[in-house]
Amino acid sequence: MRKGILSMTAAAAALALGLTACGGDGGQTTTSTSSAPASSAAKAGKVGVILPDSKSSARWETADRKYLEEAFKAAGVEYDIQNAQNDKTAFQTIADQMITNGATVLMIVNLDSGTGKTVIEKAKSQGVPTIDYDRLTLGGGAAYYVSFDNTKVGTLQGEGLSKCLTDKKADKPIVAYLNGSPTDNNATLFKEGYDGVLKPKFDSGDYVKGPDQSVPDWDNTQAGTIFEQMLTEQPKIAGVLAANDGLGNAAITVLKKNNLNGKVPVTGQDATVQGLQNILAGDQCMTVYKAVKKEADAAAKLAVALAKGEKPTASGSVKDPETNQDVPAELMEPQAIYADNVKDVVADGYVTKEELCKGDFAEKCTEAGIQ
């Protein structure tokens, strides 16, 4: 779950076209729209996409927006992509406007299940099918869900922290948890995954359960404050299960102030440039790479089919724990990234060598075999 902003060129273009509107928290609700060619527009409807924010993770603006735009353009389908910037009121307003302006399919990354459910129910009442993108809206009843195997993401994080603690020959290490937002179902699934790995070690006495706290809205500033309090109360924390790279960097910043960076393994998720640089520097143990292009392509394929009036089938399903109903789903496989395979993320095109290997990181990239 999880900084990302439009480039100055893209932002200028958006402003010139009058496509940027004021958003919540004094920020901007960034918008991308297109008009399909007449021949395509006659065959298909319009897809509306609402992204959650640009602070919790760089991926929403740097990856998801880009890949969704590319997929819709390739399909010749009209689209409107906006970012709610963590504003629940703006989220609902954007959804209403998209439907009013002719969206025949709505794809959302909810800010919480309550807000998401309201939007999905409104869309249903207007005959607009919905896709939950990345986060499942509990009780929402979306037509489809596209994401990664989020329990597996957490499992990889738990296994990663365990591997790094073993490499450091840690003896009965105290492990702290910096969980994701309590309103994000993905954060619940991540925790199920890493608890499945680490709880048996707590129960056996191999590890000691330390502070365990969720970070509201995946807010990195709050994460830093929370972890500083954790370290003050328990100075012997020897491992940090941070649910994404932003939270991990918040913990690393605090560890640096206490000369503990590199000594205390920290996990992450999203394979952000910052997270990968922290791994190359030896300050972060691992991250989880989610090939967002595959997720975006799968979601766009469903959206395009719906926009054309088709009823696509999904390869699997997930059970909504609130309604006990099966939601047709496409789930991608995540990958654990350590120092020795950071190069895989670059080779896949998710980040570039130029942005990752700047300045002091040039030599570290060479050592890591990044071409």
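Report follows, based on the coordinates.

1. So, the side chain of Arg 135
Logical step 1: When you line up the elements, Arg 135 lands in the loop between β7 (130–133) and β8 (144–148).
Logical step 2: In this structure the side chain of Arg 135 is engaged in a polar contact, spanning 3.2 Å, whose partner is the side chain of Asp 184.
Logical step 3: In contact with Arg 135, other than residues within four places in its own chain, are Pro 52, Ser 56, Trp 60, Val 109, Asn 110, Leu 111, Tyr 145, Asp 184, Asn 186 and Trp 218.

2. Some thoughts on the state of the cysteines
Logical step 1: The full count for this structure, using the stated rule, is 2 disulfides.
Logical step 2: With its sulfur 2.1 Å from that of its partner, Cys 164 forms a disulfide with Cys 285. Between Cys 164 and Cys 285, the S-S torsion sits near 80 degrees, and that sign places the bridge as right-handed. Of the two residues, Cys 164 sits in helix α6 (residues 150–167) while Cys 285 sits in the loop between α10 (273–280) and β12 (287–289), which places them 121 residues apart along the sequence. Comparing Cys 164 with Cys 285 shows no difference in burial state: the two are buried.
Logical step 3: The residue that forms a disulfide with Cys 357 is Cys 365, at a sulfur-sulfur distance of 2.1 Å. Torsion about the S-S bond of the Cys 357 and Cys 365 cystine: about -95 degrees, corresponding to left-handed handedness. As far as the burial class goes, Cys 357 and Cys 365 line up, both buried.
Logical step 4: In the chain, the cysteines engaged in disulfides, taken in order along the sequence, are linked 1-2, 3-4.

3. Side note on the sheet that holds strand β10 (residues 208–214)
Logical step 1: Pairing within the open sheet is parallel, and its 3 strands lie in the order β10-β9-β11. Both outer strands of the open sheet, β10 and β11 (237–242), are each paired with one neighbouring strand and no more. Put simply, the sheet's adjacent strands are angled 20 degrees from each other on average, direction ignored.
Logical step 2: Judged from the 5 bridges that link them, strand β9 (residues 174–179) and β10 form a sheet pairing that is parallel. From the neighbouring strand, Leu 178 faces β10, where its bridge partner is Gln 213.
Logical step 3: Along the sheet face, α6 touches β9 and β11 and points at about 155 degrees away from the line of β11.
Logical step 4: Across the sheet, helix α7 (residues 185–204) touches β9, β10 and β11, and the angle it forms with β9 is around 165 degrees.

4. Concerning the packing of helix α9 (residues 245–257) against α10
Logical step 1: Interaxial distance between α9 and α10 falls to 9 Å at its minimum, and their mutual angle equals 45 degrees. Our classification of the angle between α9 and α10 gives oblique. With respect to the hand of their crossing, α9 and α10 are arranged in left-handed fashion. Together, Asp 245, Asn 249 and Ile 252 of α9 and Gln 274, Gly 275 and Asn 278 of α10 make up the contact between the two elements.

So, how was this worked out
- Residues numbered from 1 in each chain as written.
- Predicted model: local features only at pLDDT ≥ 70, side-chain atom pairs only at ≥ 80, totals over all residues.
- Heavy atoms only, no water.
- Helix = DSSP H or I, 4+ residues; strand = E, 2+ residues; numbered from the N terminus.
- Polar contact = N/O pair within 3.5 Å; in protein donor to acceptor, adjacent residues only side chain to side chain.
- Contact = heavy atoms within 4.5 Å.
- Disulfide = S-S within 2.5 Å.
- Buried < 20%, exposed > 50% of the residue type's maximum accessible area, 1.4 Å probe, protein only.
- Pairing = 2+ DSSP bridges.
- Axes fitted to C-alpha atoms, helices over the stretch in contact; angles between N-to-C directions.
- Parallel < 35°, antiparallel > 145°, perpendicular 65-115°, else oblique.
- Left-handed = near helix turned anticlockwise from the far one by under 90°.

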